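Notes for the structure review
What follows is the residue order along each chain.
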Amino acid sequence: MLVLASLVVALVLVHRPLGDYMYRVYTGPPGRERALYRLLGVRPDTEQPWPVYARAVLAFALVSVLVVYGLQRLQNWLILSLGFDAVPAPVAWNTAISFVTNTNWQSYAGENTMGHLVQMSALAVQNFVSAAVGMAVAVALVRGFTRRGSDTVGNFWADLIRGTVRILLPIAFVGALILAAAGVVQNFTAPHEVATIAGGTQHLTGGPIAGQEAIKELGTNGGGFYNTNSAHPFENPGPGTNWFEIFLLLLIPFSFPRTFGRMVGQPRQGHAIVAVMATLALLSVILTNVFELSGDATVPHAVGAAMEGKEVRFGVSDSATFAAATTLTSTGATNSAHDSFTPLGGMMTLLNMMLGEVAPGGTGSGLYGMLILAILTVFIAGLMVGRTPEYLGKRISAREIKLASLYFLVTPVLVLTGTGLAMANRSGLAAMHNTGPHGFSEILYAFTSAANNNGSAFAGITADTPWYEVALGLCMAFGRFLPIIFVLALAGSLAAQKPVPASAGTLPTHRPQFVGMVVGITVILVALTFLPALALGPLAEGIH
Amino acid sequence: MSPPGGLLDPRQLLSSLPDAAKKLNPLTLWRNPVMFIVEIGAVATTVLAILEPSFFAWAITAWLWLTALFANLAEAVAEGRGKAQAASLRAAKRDTTARMHESEAVINAADLRPGDLVVVEAGEIIPGDGDIVEGIASVDESAITGESAPVIRESGGDRSAVTGGTKVLSDRIVVRITQKPGESFIDRMIALVEGADRQKTPNEIALNILLAALTLIFLVATVTMQPMAIYAKRVNPGVPDSLALTADGVSGVVLISLLVCLIPTTIGALLSAIGIAGMDRLVQRNVLALSGRAVEAAGDVSTLLLDKTGTITLGNRQAAAFVPATGVSPDELAAAAQLASLADDTPEGRSIVVFAKEGFGLRERKITGAHWAPFTAQTRMSGVDVPDRQIRKGAASAVMSWVRQHGGHPGEQIKELVDGISASGGTPLVVGERVGGTSRVLGVIHLKDVVKQGMRERFAEMRRMGIRTIMITGDNPLTAKAIADEAGVDDFLAEATPEDKLKLIKKEQEGGRLVAMTGDGTNDAPALAQADVGVAMNTGTSAAKEAGNMVDLDSNPTKLIEIVEIGKQLLITRGALTTFSIANDIAKYFAIIPAIFAAVYPGLDALNVMRLASPQSAILAAVIFNAIIIVLLIPLALRGVRYRPSSAADLLARNLYRYGLGGVVAPFVGIKIIDLFVQHLPGIS
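Criteria and thresholds
Residues numbered from 1 in each chain as written. Chains lettered and ligands numbered in written order. Predicted model: local features only at pLDDT ≥ 70, side-chain atom pairs only at ≥ 80, totals over all residues. Heavy atoms only, no water. UniProt positions renumbered as here; feature names shortened; annotations may be inferred. Domains from an automatic or database assignment. Contact = heavy atoms within 4.5 Å. Buried area = accessible area lost by both parts, 1.4 Å probe. Salt bridge = Lys/Arg side-chain N within 4 Å of Asp/Glu carboxyl O. Polar contact = N/O pair within 3.5 Å; in protein donor to acceptor, adjacent residues only side chain to side chain. Helix = DSSP H or I, 4+ residues; strand = E, 2+ residues; numbered from the N terminus. Nonpolar A, V, L, I, M, F, W, Y, C, P; charged D, E, K, R; others polar. Pairing = 2+ DSSP bridges. Axes fitted to C-alpha atoms, helices over the stretch in contact; angles between N-to-C directions. Buried < 20%, exposed > 50% of the residue type's maximum accessible area, 1.4 Å probe, protein only. Expected span 1.5 Å × (residues − 1). Bend = angle between axes of the 7 residues up to and from the residue. Right-handed = clockwise from strand over helix to strand, strands pointing away. Parallel < 35°, antiparallel > 145°, perpendicular 65-115°, else oblique. Left-handed = near helix turned anticlockwise from the far one by under 90°. Phe/Tyr/Trp six-rings, centres within 6.5 Å; stacked < 30°, edge-to-face > 60°. Patch = residues over 30% accessible without salt bridge, like charges linked within 9 Å, V, L, I, M, F, W, Y side chains within 5 Å. Areas by Shrake-Rupley, 256 points an atom, 1.4 Å probe, with all protein chains shown as cover. Lys, Arg positive; Asp, Glu negative; His and termini not counted. Charge placed at Lys NZ, Arg CZ, Asp CG, Glu CD. Core = buried A, V, L, I, M, F, W, Y, C linked by side-chain atoms within 4.5 Å.

Chain B is annotated in an unreviewed UniProt entry as Potassium-transporting ATPase ATP-binding subunit from Acrocarpospora corrugata. Among the UniProt annotations of chain B, the heading Subunit (unreviewed entry) holds the following wording: "The system is composed of three essential subunits: KdpA, KdpB and KdpC." Listed under Function (unreviewed entry) in UniProt, the entry text for chain B is "Part of the high-affinity ATP-driven potassium transport (or Kdp) system, which catalyzes the hydrolysis of ATP coupled with the electrogenic transport of potassium into the cytoplasm. This subunit is responsible for energy coupling to the transport system and for the release of the potassium ions to the cytoplasm."

Taking an unreviewed UniProt entry as the reference, chain A is identified by name as Potassium-transporting ATPase potassium-binding subunit belonging to Acrocarpospora corrugata. According to its UniProt record, chain A has this under Subunit (unreviewed entry): "The system is composed of three essential subunits: KdpA, KdpB and KdpC."

So, on to the domain arrangement of chain B. One widely used convention gives an interface's size as the accessible area the parts lose upon coming together. Partitioning chain B into structural domains gives domain 1 (10-82 + 200-282 + 573-679), domain 2 (97-193), domain 3 (287-312 + 452-553) and domain 4 (314-385 + 395-415 + 436-450). Summarising the inter-unit geometry, the C-alpha centres of domain 2 of chain B and domain 4 of chain B are found 44 Å apart.

Moving on, we come to the interface of chain B and chain A. Listed by partner, the interface residues are 61 residues for chain B and 62 residues for chain A. The largest contributions to the chain B side of the interface with chain A come from Met228, Tyr231 and Leu652 of chain B, which together make up 14% of the buried area. Between chain B and chain A we count two salt bridges in total. Across the pair Arg395 of chain A and Asp300 of chain B runs a salt bridge whose closest N-O atoms are separated by 3.7 Å. Viewed at the interface, chain A and chain B are joined by nine residue pairs in polar contact (both at pLDDT 80 or more). Contributing elements (two or more residues each) for the side of chain B that touches chain A: helix H7 (202-234), helix H10 (292-300), helix H16 (455-464), helix H21 (559-597) and helix H23 (648-678) of chain B. When residues of the side of chain B that touches chain A are assigned to their parent elements, the largest contribution, 21 residues, is made by H7 of chain B. Broken down by class, the residue content of the side of chain B that touches chain A amounts to 39 nonpolar, 13 polar and nine charged.

Where strand E1 (residues 192-195) of chain A and strand E2 (residues 201-204) of chain A come together, four bridges link them in antiparallel fashion. Within E2 of chain A, the residue paired with Glu193 of chain A across the bridge is His203 of chain A.

Residue and element names in this part refer to chain B. One open sheet accounts for seven strands, arranged E12-E24-E23-E22-E13-E20-E21; its pairing is mixed. Two strands lie at the open edges of the sheet, namely strand E12 (287-289) and strand E21 (491-493), each paired on one side alone. The mean angle between the axes of side-by-side strands here comes to 20 degrees, regardless of whether they run parallel or antiparallel. Pairing of strand E23 (residues 533-537) with strand E24 (residues 550-552) involves three bridges; the strand directions are parallel. Following the sheet pairing, Ala536 is matched in E24 by Val551. In this fold H10 packs onto E12, E23 and E24, with an angle of close to 110 degrees to the strand it touches most, E23. Packing against the sheet, H21 makes contact with E12, strand E13 (303-307), strand E22 (515-519), E23 and E24, and its axis sits at approximately 160 degrees to E13.

Residue and element names in this part refer to chain B. Here, UniProt's "binding site: ATP" (unreviewed entry) annotation points to Asp344, Glu348, Phe375, Thr376, Ala377, Gln378, Thr379, Arg380, Met381, Ser382 and Lys393. Positionally, Gln378 belongs in the loop between strand E15 (371-373) and strand E16 (381-386). Looking at the element boundaries, Thr379 is found in the loop between E15 and E16. Taking relative accessible area as the criterion, Thr379 reaches 36% and is therefore assigned partly exposed. Ignoring anything within four residues of it in the chain, the contact list for Thr379 reads Pro374 and Ala398.

On to helix H7 (residues 156-181) of chain A. Residues and elements named next belong to chain A. With 26 residues, H7 should cover 38 Å at 1.5 Å per step; its first-to-last C-alpha distance of 36 Å lies within 8% of that length. Where H7 bends most, the angle comes to about 35 degrees, and this point is Leu168, followed within four residues by the proline Pro170. One side-chain oxygen of the residue at the start of H7 lies 2.9 Å from the amide nitrogen of Trp157, identifying that residue as Asn155. Once H7 ends, the next one or two residues include Gly183, with phi positive near 115 degrees.

What follows covers the side chain of Thr259 of chain A. Residues and elements named next belong to chain A. Mapped onto the elements of the fold, Thr259 is located in helix H9 (residues 239-263). What makes Thr259 buried here is its relative accessible area of 1%. Once residues within four sequence positions are removed from consideration, Thr259 is found in contact with Gly19, Met22 and Tyr23.

Okay, the pairing of E23 of chain B next. Residues and elements named next belong to chain B. Within E23, five of the five residues are buried, which leaves the element mostly enclosed by the surrounding structure. Side chains Val533, Val535 and Met537 of E23 all project onto a buried face; the interleaved residues Gly534 and Ala536 project onto the opposite face, where all are buried too. In this sheet, E23 lies alongside E22 in parallel orientation, the contact comprising four bridges. Bridge assignment links Ala516 to a residue of E23, and that residue is Val533. Once the chain exits E22 it traverses helix H19 (residues 525-530) before rejoining the sheet at E23, and the crossover so formed is right-handed. Following the chain from E23 across helix H20 (residues 542-547) to the adjacent parallel E24, one finds a crossover that is right-handed.

Let us now look at the packing of helix H14 (residues 365-382) of chain A against H7 of chain B. Put simply, H14 of chain A and H7 of chain B touch, their axes get as near as 11 Å, and they point 120 degrees apart. It follows from the interaxial angle that H14 of chain A and H7 of chain B lie oblique. At the point where H14 of chain A passes H7 of chain B, the crossing takes the left-handed sense. In this structure, H14 of chain A uses Leu376, Phe379 and Ile380 of chain A to contact H7 of chain B, whose residues at the interface are Asn203, Ala206, Leu207 and Leu210 of chain B. Its residues assigned to classes, the contact of H14 of chain A with H7 of chain B shows six nonpolar, one polar and no charged.

Turning our eyes to something else, we now look at the sheet that holds strand E7 (residues 161-162) of chain B. Residue and element names in this part refer to chain B. Reading across from one edge, E2-E1-E3-E9-E4-E7 is the order of the six strands in this open sheet, with antiparallel pairing throughout. Single-partner strands in this sheet number two, and they are strand E2 (106-108) and E7. Alignment of strand E1 (residues 97-100) against E2, held across three bridges, turns out to be antiparallel. Within E2, the position partnered with Ala98 by the bridge is Ile107.

Okay, the packing of aromatic side chains next. Counting across every chain of the model gives 19 aromatic pairs over all chains. Measuring from centroid to centroid gives 6.2 Å for Phe60 of chain A and Trp157 of chain A, while their planes differ by 80 degrees, and the two rings are edge-to-face. With Phe60 of chain A in helix H3 (residues 50-73) and Trp157 of chain A in helix H7, this pair connects stretches of sequence that are 97 residues apart. On the basis of an interplanar angle of 70 degrees and a centroid distance of 5.2 Å, the ring pair of Phe322 of chain B and Phe355 of chain B is categorised as edge-to-face. Separated by 33 residues along the polypeptide, Phe322 of chain B in strand E14 (residues 313-324) and Phe355 of chain B in helix H13 (residues 347-360) bring together distant segments of the chain. The partly exposed category is assigned to Phe355 of chain B, whose relative accessible area is 23%. Cluster of aromatic residues (ring-pair linked, three or more members): Tyr53, Phe60, Phe156 and Trp157 of chain A.

All names here are of chain B. Per the UniProt record, the feature "active site" (unreviewed entry) sits at Asp307. Looking at the secondary structure, you find Asp307 in strand E13. Contacts of Asp307, omitting those with residues within four sequence positions, involve Ile312, Ile472, Lys501 and Thr518.

Here we come to the side chain of Thr166 of chain B. Residues and elements named next belong to chain B. With respect to the secondary-structure elements, Thr166 resides in the loop between E7 and strand E8 (167-168). A polar atom in the side chain of Thr166 sits 2.6 Å from the backbone oxygen of Thr163. In contact with Thr166, other than residues within four places in its own chain, are Glu124, Ile125, Ile126, Val139, Asp140, Glu141 and Ile144.

Our focus in this paragraph is a positive patch on the surface. On the surface, a cluster of positive charge is contributed by Arg639, Arg642, Arg644 and Arg658 of chain B. Position of Arg642 of chain B among the secondary structure elements: in the loop between helix H22 (615-639) and H23.

A few words on the nonpolar core. The biggest cluster of nonpolar side chains holds 334 residues, and the ones touching the most others in it are Tyr391 of chain A together with Leu304, Met550 and Phe597 of chain B. Sorting elements by how many residues they give to this core places H21 of chain B first, with 19 residues. The residues touching Phe597 of chain B, leaving out its near neighbours within four places in the chain, are Leu536 of chain A together with Met225, Ala229, Leu245, Val250 and Leu604 of chain B. Core analysis: the next-biggest nonpolar cluster, separate from the first, contains 34 residues, Ala319, Ala336, Ile414 and Val430 of chain B among them.

Structural data, given as structure tokens:
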């Protein structure tokens, strides 16, 4: 609980200055990145209408996928390959999608598959830019609220570069230094060969880990250098780095609402959004801890808590908190095996993702997801004040609700259809290592994680079969870019509106009343959508 | 004009049943995606029940059909309430003939074109909407307004419009037809009250999209549950097949039951009834909304433009005080003022008589030998000459110069009194007398606009609702300000010309506000057209009626406030029932999920918090609840959620508590009660 309390205090202290700083980056004049604009021919003042902005996002994603795919497939021809072969096509496709969509689902073991060049120039680069894309889209949506009668939502290239150069890079740099100082490995050497006590030999692959670790968490990416991710002592040596990694992955998502509040000129609106996120997150973290500590299963009962699958150096609570944080944000880094959690503890990690990665969610994507939920809430409950619903002065009419509904539909449809297809399909079932509700939960988890761009895994299934590589790859791609298109379209339609001035007849969206309503609507909508699936998985396993 | 009647009169429900059954036609039902899915489900369960008959399957089938029927019933009842009214309007529209001006040719009224001139004489029905171009007549408009007292219509000015179907009682008029064939006011009214050409309003469309999205999600959730269920059954081979779950998965009947229970049937069923009832509530207050959009916009209005005269103040100025000059007693002044006004039949004059009677106990007297001096634009005063005495009252300058002419010396004091009254927004009338050779000023009558009772509270209410009120008046700014302050409006527009009004509306709209106003004159037409909610008075010109999007048959400008409240009530009712509908789903899951899966995963029986008797009874109870709640909520949908003007936050808190929390709790109780009954049916437990 000390960990939780100190995290809350740290985030409360930091979210304001960081949020304000990000506000200045996205709204202020160009700074250091000016040189980069000139180099790349970007004219930051050229405003784009939403379709142009969306095309830029998609074009950038397409090029990124091709580059990451190409580097993996040609690995054996390139330097720093550590002697690894070319990555097989299905894995390479899945990985390319996975890193470009900020999911960082890994169907491979990093230390045995990717050389340093791929890790650094393909994966680490995407760790930065995929996070910056999410932030850019969120900023575009917020501009939709701030602009009046405008047909543009910003300039994607400028937003992408600003976010990367002035926000992610400096923080990741400091983060990497701190992690390296705390014992995370950062070197460029070839694998060490060491003799083990038992007399065998072991490869110890080092590498530029601290650098990747920082952006892995900061950009809510989650793709580990090692297969075991943050459970590996080279990635996450002890409780101190564990705390810091959790802090890093929560940092931007919890600060972005402040940026939002500043941009719309009403910081209290940002407070309301952050309060919704924090309420959901705290509930989730506490419940996960309760389920894990009370250890409701046979073995945990015997030993007093659910220690299976958790690192002794972290213990139950730090592992549970990390698991909740990594699934609440779209990070997906893990320091323990979520598969080994108690059924209900595991269900919490599933539920966290099913919320749609909004509490606080990914960098940028958390904010835009939460704003969509706020819009849906305003529409459903806001009618009860007797006016056409409006949020931040913008009317929520047919077009807005269509886009918000479409956004909300994407991930549940992907998760449920994907899981349903897997259960109805020989290739889907063949990959299962467990049967019964637990085996089912593993499949459900895989699709939930992919469609919500989380990237963590319950494991327990052979994910590198062509069927899963393709199915999960499609889930990741659609789960990322369809919502982005809807968000940008929404930004466009909001920006074109003239705001309605607030009056006593306007639904106030900054009070606890509204916060409670968004929390309620979110939980109810998610529960209603996923209850049958949860009943057949973790609930069937966990309730006796 | 239409009796509200009992809201859930069983006879009304029964008489609407045939109409409700007709609406089951899929060709019309598909417009309502939620209920269309229910109907498809009902058809599917019917087929399944025929293939594998069981009491349970037939019971579910029956209730699914009832669900669809109940939804249609809601709409049919709502429409039925307008039907009676339409019938009486049709009676007014019986085949009339028209006599053309000059040619005197008699043609069928249906063949009239805009611009035709027709002659109508006493006892004849006016053949179509138009403006009087010649003559004056008293007209019986009871067919439309329900008001039996005849009204005067005359050429020129703001009372020139006549409506087809009304009857000329006296005199002869020539009317220029303004309507196109088949688009007369009565035609539109009939279509309106019948809901025949009802278009979905913007907010209704948006809500429909949301409901369709929710339906889609639940469709995906139920369909994808099937392979998961098959898997669950397969990995528990020891569990015997149940009625709900076999090796082939969840039975079709149960799956469809779950789907119908989850999709938002409650709001889906009542949505159009809410809209129709909203229009109907306006009709009951004698307001015709010519578009549903306008009703909705009324709820969003944030600026109300109110004409001073007739809306905020009683029609005319009234005597409020007698201020005597030095050396004159108040009684003396009152007596003189009354005497001078006895023959004055203007409202102001009458109010002086009444004020003198009530304030000073002076009764009206019959006087002989009096000679009345009427008001003229030249003299600007009126009065009376009795033997030995002349009394004049009128505009300050006129009366004072009359006094001076006859040798009197009105002092500085009078001028001060006059200025004081003017400054306070009142109108001063100076009273002077001439007895024998001397003349003097007796004092000043303070005439003022009397603000209608309760307006101040009304405006405070508006402010709490977030609505700004702006008073429109032709008065000078000084007078306007005084009345605005007294009435408690937020702002005023003095010396307003029609152009000023239009400019004001545009300015408000530029700032994102929605504006409502009333008007009657032709020169109001541009502003009425520009306003988001333009209520034309039925007494007004046809240009005004054409430009506005609502017509008030009672021609009562205060009604604008009620219209706003009805608009809000419409939106609130929609929101409340949507929230209720979604909140209901929680309990239904708790009924159905354990009913299906507790056999394979006994732990899930813990979710059966209602302790329902058996899987069959649980599912049936949920389906029955889902159907019955529609019927139970029809009265609420028709009457609308009770609306008390208050701030948005308070309104929300109250409704959220009632319909959100109530929506969560009600089905737990309802399903349990139904379960207690259905468990005794054969084949259910």
